[in-house]
Amino acid sequence: MALLTISLTACVAASNRPPPPQASATPPVYHNRAPSPEPRMEQAREQPNPQLVREIEELWRTFPGKTGIAVKRIDGDWEFGFRPDEYFPQQSVSKLWVAMTLLDKVDKGKASLSDAIRIGKEDLTVFHQPMAAEVQRNGAVTKSVYTLLEMALASSDNTANDSLLRHAGGPEAVRAFIAKHSLGKIRFGPGERLLQSGIAGMEWRQNLSYGRTFYAARAKIPVEQRQQSLEAYLADPVDGASPMAIAHALDKLARGELLSANSTNLLQSILKRTRSGPNRLKAGVPAGWEFLHKTGTGQVLGPVATGYNDIGIMTAPDGTRYAVVVMLGDTTASIPERMRLMQAVTRAVGRYHRG
């Protein structure tokens, strides 16, 4: 076990600094190998403040593990990022695409915000699902689409989200929405239950959704099996997305290019009420600015935390908007260190803002 812990730590403890050149013609594969630290920037009339780019580059370069950052000025001409086009686990960030797919269905008259959805014990999922207590107490509950959107986005309730996913037409409907709007490198997984059980190296059974059953069953899985499953997921996340693709999607959402005006306003108003991750990106946003966001948090194995994310739109008092994406694929940094990184990114964007 001691050797295994050392192995786990070694695979993620490296910073985002690129490895030194290798003498061999075929370089070895590094789990956390980074590309050149030069950010990708659009060649356009405007450019980001070089000091902003350097400051965020330093944050990215020195943070342990695999980190992706993207910043895009909405309604402007520039963007930049570090590891901007690599796939990172989304985790609950993907709830945003479910909401968009269902609201698109509402816009087309194929669903309504008042549609009633029944949720029984057979529909419960895993991890964060506040509505589970109500379902277990009553046997089943009925919620409107609007209520479930609020629960899935603002409270990040997994069962609420999977219920919306079924009503939207399932994973294929979400993938079709992503493809129709050319959102690029954004994948959508199989739903919360299959995603999380697969990451843990387990076969899904519905009784895993009750109480602490999932945690107890996962604890019985050999650590080597869990490590193998987790590393396979991190190498090619089924729910992966690139930071810049998400920044572009936020840009399109803000511009009203993905949904009707009513649905766009509704979605953004819910995201402004997000209660998860108050000490992530949100805590670095300057006073007087508006902020809407969606967090994601993956599983932890030993010292390794995965899929620790926050994405959002910052709006300055003068109306200037920025899409900001920070995704931690895997890291050994503590929770306070992760939060400080995210706060530092939004704080820097605010500090270098010029209307």
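Everything numeric here is computed off the predicted structure, so don't read it as measured data. (Residues numbered from 1 in each chain as written. Predicted model: local features only at pLDDT ≥ 70, side-chain atom pairs only at ≥ 80, totals over all residues. Heavy atoms only, no water.)

Engineer: Is there a simple way to explain the pairing of strand 10 (residues 321-331) in this structure?
Structural biologist: On a regular strand, one side chain projects to one face of the sheet and the next to the other, so that they alternate. With respect to burial, strand 10 is a largely interior element, 11 of its 11 residues being buried. Across 9 bridges, the pairing between strand 1 (residues 66-74) and strand 10 is antiparallel. For Thr67, the partnering residue across the bridge sits in strand 10 and is Leu328. The pairing of strand 9 (residues 304-315) with strand 10 spans 10 bridges and is classified as antiparallel. By the bridge assignment, Thr315 is partnered in strand 10 with Arg321. (Buried < 20%, exposed > 50% of the residue type's maximum accessible area, 1.4 Å probe, protein only. Helix = DSSP H or I, 4+ residues; strand = E, 2+ residues; numbered from the N terminus. Pairing = 2+ DSSP bridges.)

Engineer: Would you explain the environment of His248 in this entry?
Structural biologist: Within the fold, His248 resides in helix 11 (residues 243-255). Residue classification places His248 among the partly exposed positions, given a relative accessible area of 30%. Taking the C-alpha atoms as reference points, His248 and Arg73, separated by 175 residues in sequence, lie 9.9 Å from one another.

Engineer: What should I look at first to understand the pattern of salt bridges in this one?
Structural biologist: In a structure, side chains of opposite charge can pair up when their charged atoms sit close to one another. Scanning all chains against the criterion turns up 17 salt bridges. Lys72 is the salt-bridge partner of Glu79, the closest N and O atoms lying 3.3 Å from each other. Across the pair, exposure class does not vary: Glu79 and Lys72 are buried alike. (Salt bridge = Lys/Arg side-chain N within 4 Å of Asp/Glu carboxyl O.)

Engineer: Explanation requested: the packing of helix 3 (residues 95-107) against helix 7 (residues 171-180) in the structure shown.
Structural biologist: In a packed pair of helices, the relevant descriptors are the angle between the two axes and the axis-to-axis distance. Orientation of helix 3 relative to helix 7, taken along the N-to-C sense of each, is 85°, at an axis distance of 9 Å. Put simply, helix 3 runs roughly perpendicular to helix 7. Across from Trp97, Val98, Met100, Thr101 and Asp104 in helix 3, the residues of helix 7 making contact are Ala173, Val174, Phe177, Ile178 and Lys180. Partitioning the contact of helix 3 with helix 7 into residue classes produces 7 nonpolar, 1 polar and 2 charged. (Axes fitted to C-alpha atoms, helices over the stretch in contact; angles between N-to-C directions. Parallel < 35°, antiparallel > 145°, perpendicular 65-115°, else oblique. Contact = heavy atoms within 4.5 Å. Nonpolar A, V, L, I, M, F, W, Y, C, P; charged D, E, K, R; others polar.)

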